[in-house]
Amino acid sequence: FIRYIFNVVHDIVSLSFCLMIRRPPRSTLSSSSAASDVYKRQEWKRAFGLMKSLMAQGRMTRQGIRDTKRYASQVHRIVLRCWKSVMDREDTGLETSFVEILYNKGAAVIGETRAALLSNLVARRRMFMDMMTKLFELGLNDTEAQHLLHELGARHVTYGLSDSDYAAFTDPFVETVVECSRPSTMTPQIYQLMKAFWNECSRLMLEGAAQSRCSFTLRLAPKEAPFAIVFTDIEGSTSLWETQSLAMDQAVDEHHKLVRDLIHDHGGYEVKTIGDSFMIAFKGLADAVTMALRLQVELLRASVDGLQIDSTKCESSGPPEVGNSSAVRVRVGVHWCTDAA
């Protein structure tokens, strides 16, 4: 198989160079070797660009579509056979179950505190194994399997799992499959296929979680007056971006995550975001004020690597122990609207 792929790539590259590689201009030949190397890299990029384009076009042909379906069917049979070997060993009564091994490996990666969110996974291990068996039998291209993972992701919103938590479970899942399956069934190909299977499961669950969050926040949006509007803005952000762009990139990411966590905690609705500014709506004034206070306090306690704030030029003031020179300051305005017009 590897030799076949090598021969195909060799033929395509040879054809590509015949079609598009030109003799370098005399100026390039007579210039430094560095310029010649740049020219060669450009030609290689053009050659592989053509190769990818031709392969993409080939996939869309009738033969390409048939081959894609046949390959997907083969992959489905391979991963299903591997999973059945896991279930066969599970049914014989392993000393430690598949789910317990997966949980322990996952906890070692994301930490005991984060893993505790999934503690009920161990208690419901039979349900989890049955669900995974159904997913392997249906295949992830099946609409029923996709709907099941969307629902699962929506339910996991309440656990507070992040995108990185899902991704962190990829290696623990594959390693657990390797540990709990028959050695004869595991090959490097199956290892990669199982990795791709879990990554696709994670992607579908994250889609379901995103849809659930959107539906949840829409229900929280105030439908009529009175309501509170909150505006936030990082103080001095323009000059900070000009002088400390790398640190500000990290600071804004952490700022956005904190704001959205607080919006969720206090039942707010994110109306819109422009740059580092938020516009948020709340049904109650107390929720809006509490969220504003928590935002400023949490940000003042946080430190961003490489960020240096000149406190003498800040609008905010207070005792030194309140914040530090590595924390961004945020202005927050709260307006109580009694007339939606």
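Above this note sits the structure.
To keep things clear, this report deals only with the structure shown in the data block. None of the values given here were measured: they were computed from a predicted structure.

### Let's talk about a nonpolar patch on the surface
On the surface, a cluster of nonpolar side chains totalling about 400 Å² of accessible area is made up of Leu 285, Val 289, Leu 293, Val 334 and Trp 336. For the nonpolar patch, the secondary structure elements donating two or more residues are helix H15 (285-301) and strand E4 (330-337). With 3 residues, H15 is the single largest residue contributor to the nonpolar patch. Its place among the elements puts Leu 285 in helix H15. In this structure Leu 285 comes out as partly exposed when scored by relative accessible area, which is 37%.

### Section: the packing of helix H4 (residues 62-91) against helix H11 (residues 170-180)
Look at H4 against H11: their axes get within 9 Å of each other, and the N-to-C directions meet at 60 degrees. Classified by chirality, the crossing of H11 by H4 is left-handed. Together, Cys 82, Trp 83, Ser 85, Val 86 and Arg 89 of H4 and Val 177, Glu 179 and Cys 180 of H11 make up the contact between the two elements. Along the lines of polarity and charge, the residues of the contact of H4 with H11 split into 5 nonpolar, 1 polar and 2 charged.

### Concerning the environment of Glu 144
In this fold, Glu 144 is placed in helix H9 (residues 143-155). Classification of Glu 144 as partly exposed rests on a relative accessible area of 40%. In sequence terms Glu 144 and Lys 134 are 10 residues apart; their C-alpha atoms lie 9.8 Å from each other. In this structure Glu 144 touches Lys 134 and Leu 138, once residues within four positions along its chain are discounted.

### Description of the pairing of strand E3 (residues 277-282)
Across 5 bridges, strand E1 (residues 227-234) lies against E3 in antiparallel orientation. Looking at E3, one finds that Ala 228 is bridged to Phe 282. In this structure, the hairpin formed by strand E2 (residues 269-274) and E3 is closed by a connection of 2 residues, where Gly 275 is found at a positive phi of approximately 65 degrees.

### Concerning the pattern of salt bridges
Counted under the stated rule, the structure contains 10 salt bridges. Here Asp 171 and Lys 195 are joined by a salt bridge, their closest N and O atoms 3.7 Å apart. Separated by 24 residues along the polypeptide, Asp 171 in helix H11 and Lys 195 in helix H12 (residues 188-220) bring together distant segments of the chain. On the accessibility criterion, Asp 171 (35% relative accessible area) is partly exposed. Assessed through its relative accessible area of 27%, Lys 195 is described here as partly exposed. When the shortest N-O distance is used, the salt bridge between Arg 203 and Glu 200 registers 2.7 Å.

### Some details on the nonpolar core
Formed by 39 residues in total, the largest nonpolar core has its most connected members in Phe 98 and Phe 173. Counting residues per element, the ones that place at least two in this core are H4, helix H5 (98-110), helix H8 (125-138), H9, helix H10 (163-168), H11 and H12. Counting 24 residues, the second largest nonpolar core, distinct from the first, contains Val 259, Ala 288, Leu 299 and Val 330.

### Focus on the sheet that holds E2
Across the sheet, which stays open at both edges, the 4 strands sit in the order E2-E3-E1-E4 with antiparallel pairing between neighbours. On the outer flanks of this sheet lie E2 and E4, each paired with one strand and no other. Strand-to-strand twist of the sheet, defined as the mean angle between neighbouring strand axes without regard to direction, takes the value 15 degrees. Its contacts with the sheet place helix H14 (residues 245-265) against E1, E2, E3 and E4, and it is angled at close to 0 degrees to E3. On the sheet, H15 packs against E1, E3 and E4 and is oriented at approximately 180 degrees with respect to E4.

### Section: the side chain of Ser 97
Its location among the elements puts Ser 97 in the loop between H4 and H5. Those residues in contact with Ser 97 that sit more than four places away from it in its chain are Glu 90 and Arg 125.

### Here's the deal with the packing of H14 against H15
Between H14 and H15, the least distance of the axes is 10 Å, while the angle of their chain directions is 150 degrees. In terms of orientation, H14 lies roughly antiparallel with respect to H15. Handedness of the crossing formed by H14 with H15: right-handed. Together, His 255, Leu 258, Val 259, Leu 262, Ile 263 and Asp 265 of H14 and Met 291, Arg 294, Leu 295, Glu 298 and Leu 299 of H15 make up the contact between the two elements. Counted by class, the contact of H14 with H15 contains 7 nonpolar, 1 polar and 3 charged residues.

Quick notes on the rules
- Residues numbered from 1 in each chain as written.
- Predicted model: local features only at pLDDT ≥ 70, side-chain atom pairs only at ≥ 80, totals over all residues.
- Heavy atoms only, no water.
- Patch = residues over 30% accessible without salt bridge, like charges linked within 9 Å, V, L, I, M, F, W, Y side chains within 5 Å.
- Areas by Shrake-Rupley, 256 points an atom, 1.4 Å probe, with all protein chains shown as cover.
- Salt bridge = Lys/Arg side-chain N within 4 Å of Asp/Glu carboxyl O.
- Helix = DSSP H or I, 4+ residues; strand = E, 2+ residues; numbered from the N terminus.
- Buried < 20%, exposed > 50% of the residue type's maximum accessible area, 1.4 Å probe, protein only.
- Axes fitted to C-alpha atoms, helices over the stretch in contact; angles between N-to-C directions.
- Left-handed = near helix turned anticlockwise from the far one by under 90°.
- Contact = heavy atoms within 4.5 Å.
- Nonpolar A, V, L, I, M, F, W, Y, C, P; charged D, E, K, R; others polar.
- Pairing = 2+ DSSP bridges.
- Core = buried A, V, L, I, M, F, W, Y, C linked by side-chain atoms within 4.5 Å.
- Parallel < 35°, antiparallel > 145°, perpendicular 65-115°, else oblique.

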